Amino acid sequence: MRSKSPVSSPIRKRVAVIYNPVAGFRQRGRLRRFLKHLRGYGHEVLLRRTEGPGHATQIARELDPAEIDVVVAAGGDGTINEVANGLIGRPIPMTIAPLGTANVFAFETGLGLKLSRAARLPSEGHVAEIRPALAGKRGFLLMVSAGTDARVVANVDRGLKKYLGKMAYVLAAIREILSGRPGRIQVTVDGIRHEAGLVVVTHASHYAGPFVIAPDVRMGDDSVCVVLLKGTRRRSLVRYALALLLNRLPTLKDATVLRAHRVRIDGPKGQPIQSDGDVIGQAPMDIVLGSRPLRILVPDLARVLPQAPAQRPAALPDGVLAEEPAPAR
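Let me sum up the structure you'll find in this document. Keep in mind it's a predicted model, so treat the numbers as computed, not measured.

### Details of the overall build of the chain
Next, step 1: Check the secondary structure of the chain and you find 9 helices and 20 strands.
Next, step 2: Within the chain, residue pairs in contact and separated by at least 24 positions form 73% of the contacts whose partners lie at least 6 positions apart.
Next, step 3: Approximately 15400 Å² of the chain is accessible, and the part contributed by carbon and sulfur atoms is 55%.

Printed below as a string of structure tokens:
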């Protein structure tokens, strides 16, 4: 029987840890504990701090595969997104230390929030090769959205986020709902036009943390999933929030869930678009599945790779899960 002692870990790695120093006191303490766990496993640790937006991508892109075995994105989903963009198409696998606000990636892969478990992944994780989707030219692992939640991300107070975490988003969401700014997003899904109050293009089943928005989706799928929420009034937005907390969002009658290979968020022009918790641009924007792979280390391959066809349900309850169309020629 294998010993549980970190010191006895048989596989030691050269691990580059990329972290965002702009974090609250609690997250800095968690980072120190994570590094202690890593070194306890005997790993050689190279610590690299980011200096601003986009720097994590540059750091990851410049790492030498001859000198580094694994890259750890230590932070939230935004930091993970940046690191992943620097590793797409490269042989070095990526894993994470969940230090962010929502930690969607951690829940999506089945890792959860335990730092000791995350520190085991460089030596014990399974390598999954996925194809991140592209929003414009930028890759994303989780989701892209437009509408109410994108406006919330655009308007969240970054100072409050540093000290309040998720509560900063809650306050921004309340302000957005009370502002009474309903609007409809125009989106084209594999050539078919739709309108909705909120559009989420996702490559993951989770949303905003542990909550499930598209239960049939895996990060390794060869398509993306589009969730259209039709309502724009305040009571609809409140209903969507409650349904999300209960993991029942895709079962609502005014929710439509589609599989797609090509999506375009058409407008209104200038509407903010967020990806993995950061605003990345404005409408219009094209979204497709990328062609270059990303290697990620996960505790459970079944959580990120597609299910066998016999196990995949034909439809989500009270929603629509379209047949995957053939790629456009």
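### Re unusual backbone geometry
Negative phi values dominate among residues other than glycine, just as trans dominates among peptide bonds.
Next, step 1: In this chain, Gly267 is followed by Pro268 through a cis amide linkage whose omega measures 10 degrees.
Next, step 2: Here the residue pair Ala283 and Pro284 is connected by a cis peptide bond, since its omega of 5 degrees sits within 30 degrees of zero.
Next, step 3: Within the element layout of this structure, Pro284 appears in the loop between strand 18 (278-282) and strand 19 (285-289).
Next, step 4: A positive phi angle, near 60 degrees, is found at Asn247, a position not held by glycine.

### Some thoughts on the pairing of strand 8 (residues 143-147)
Next, step 1: Buried residues dominate strand 8, accounting for 5 of its 5 residues.
Next, step 2: Side chains Met143, Ser145 and Gly147 project from strand 8 onto one buried face, and the interleaved Val144 and Ala146 project onto a second face that is buried too.
Next, step 3: With 5 bridges connecting them, strand 8 and strand 11 (residues 198-202) associate as antiparallel partners. What sits directly across from Ala146, in strand 11, is Val199.
Next, step 4: Sheet topology note: the strand 8/strand 17 (residues 272-275) ladder contains 3 bridges and is antiparallel. Across the sheet, residue Val144 finds its bridge partner in strand 17, namely Ser275.

### Considerations on the pairing of strand 17
Next, step 1: In strand 17, alternate side chains face the same way, and those of Pro272 and Gln274 on one face and Ile273 and Ser275 on the other are all buried.
Next, step 2: Between strand 17 and strand 18, which pair antiparallel one after the other, the connecting turn spans 2 residues, and Asp276 there sits at a positive phi close to 50 degrees.

### A short note on the sheet that holds strand 14 (residues 224-229)
Two strands in a sheet stick together by hydrogen bonds in their backbones, pointing the same way (parallel) or opposite ways (antiparallel).
Next, step 1: Reading across from one edge, 15-14-11-8-17-18 is the order of the 6 strands in this open sheet, with antiparallel pairing throughout. On the outer flanks of this sheet lie strand 15 (255-260) and strand 18, each paired with one strand and no other. Across this sheet, the average inter-strand angle for adjacent strands is 20 degrees, counted without regard to direction.

### Here we look at a nonpolar patch on the surface
Next, step 1: Nonpolar side chains collect at one region of the surface, where Leu160, Leu164, Met167, Val170, Leu171, Ile174 and Leu178 lie side by side and expose about 570 Å² of accessible area between them.
Next, step 2: Of all elements in the fold, only helix 7 (158-164) and helix 8 (166-179) reach the threshold of two or more residues within the nonpolar patch.
Next, step 3: No other element matches helix 8, which puts 5 residues into the nonpolar patch.
Next, step 4: Within the secondary structure layout, Met167 lies in helix 8.

### Let's talk about the nonpolar core
Next, step 1: Core analysis: the biggest nonpolar cluster contains 69 residues, and Val17, Phe34, Val83, Met94, Phe105 and Leu141 have the highest contact counts within it.
Next, step 2: Setting aside chain neighbours within four positions, we find Phe34 in contact with Val17, Val72, Ala97, Leu115, Ala118 and Ala119.
Next, step 3: Counting 23 residues, the second largest nonpolar core, distinct from the first, contains Ala135, Ala283, Met285 and Leu289.

### Observations concerning the sheet that holds strand 7 (residues 138-140)
Next, step 1: An order of 7-6-19-16-9-10 is seen for the 6 strands of this open sheet, with the pairing classed as antiparallel. The open sheet has two edge strands, strand 7 and strand 10 (192-196), and neither has a second partner. Averaged over all pairs of adjacent strands, the angle between strand axes in this sheet comes to 25 degrees, irrespective of strand direction.

### Details of helix 3 (residues 77-87)
Next, step 1: Summarising burial for helix 3: 11 of the 11 residues are buried, a large majority.
Next, step 2: Residues of helix 3 that are buried: Asp77, Gly78, Thr79, Ile80, Asn81, Glu82, Val83, Ala84, Asn85, Gly86 and Leu87.
Next, step 3: Backbone geometry just downstream of helix 3 places Gly89 in the positive-phi region, at approximately 85 degrees.

### Focus: the pattern of salt bridges
Next, step 1: Under the criterion given, the structure shown has 10 salt bridges.
Next, step 2: Linking Asp221 and Arg259 is a salt bridge whose minimum nitrogen-to-oxygen distance equals 2.9 Å. In this pair, Asp221 is assigned in the loop between strand 13 (211-212) and strand 14 and Arg259 in strand 15, connecting sequence segments 38 residues apart.
Next, step 3: For Asp221, a relative accessible area of 4% corresponds to the buried category.
Next, step 4: Close ionic contact of Arg239 with Asp254 constitutes a salt bridge, the shortest N to O distance being 2.9 Å. One end of the pair, Arg239, is in helix 9 (residues 234-245); the other, Asp254, is in the loop between helix 9 and strand 15, with 15 residues separating them in the sequence.
Next, step 5: Here the residues in one salt-bridge network are Arg193, Arg264, Asp266 and Asp286, joined through shared partners.

### Digging into the side chain of Arg30
Next, step 1: Here Arg30 lies in helix 1 (residues 25-40).
Next, step 2: Nearest to the buried, unbridged Arg30 among oppositely charged side chains is Asp77, at 12 Å.
Next, step 3: Setting aside anything within four residues of it in sequence, one finds Arg30 in contact with Pro98, Leu99, Leu113 and Leu115.

### Remarks on the environment of Gly270
Next, step 1: The topology assignment puts Gly270 in the loop between strand 16 (262-267) and strand 17.
Next, step 2: Note on Gly270: relative accessible area 31%, which makes it partly exposed.
Next, step 3: Sequence separation between Gly270 and Gly281 is 11 residues; the distance between their C-alpha atoms is 8.4 Å.
Next, step 4: Contacts of Gly270, omitting those with residues within four sequence positions, involve Gln282 and Ala283.

Rules used throughout
Residues numbered from 1 in each chain as written. Predicted model: local features only at pLDDT ≥ 70, side-chain atom pairs only at ≥ 80, totals over all residues. Heavy atoms only, no water. Helix = DSSP H or I, 4+ residues; strand = E, 2+ residues; numbered from the N terminus. Contact = heavy atoms within 4.5 Å. Areas by Shrake-Rupley, 256 points an atom, 1.4 Å probe, with all protein chains shown as cover. Buried < 20%, exposed > 50% of the residue type's maximum accessible area, 1.4 Å probe, protein only. Pairing = 2+ DSSP bridges. Axes fitted to C-alpha atoms, helices over the stretch in contact; angles between N-to-C directions. Patch = residues over 30% accessible without salt bridge, like charges linked within 9 Å, V, L, I, M, F, W, Y side chains within 5 Å. Salt bridge = Lys/Arg side-chain N within 4 Å of Asp/Glu carboxyl O. Core = buried A, V, L, I, M, F, W, Y, C linked by side-chain atoms within 4.5 Å. Lys, Arg positive; Asp, Glu negative; His and termini not counted.

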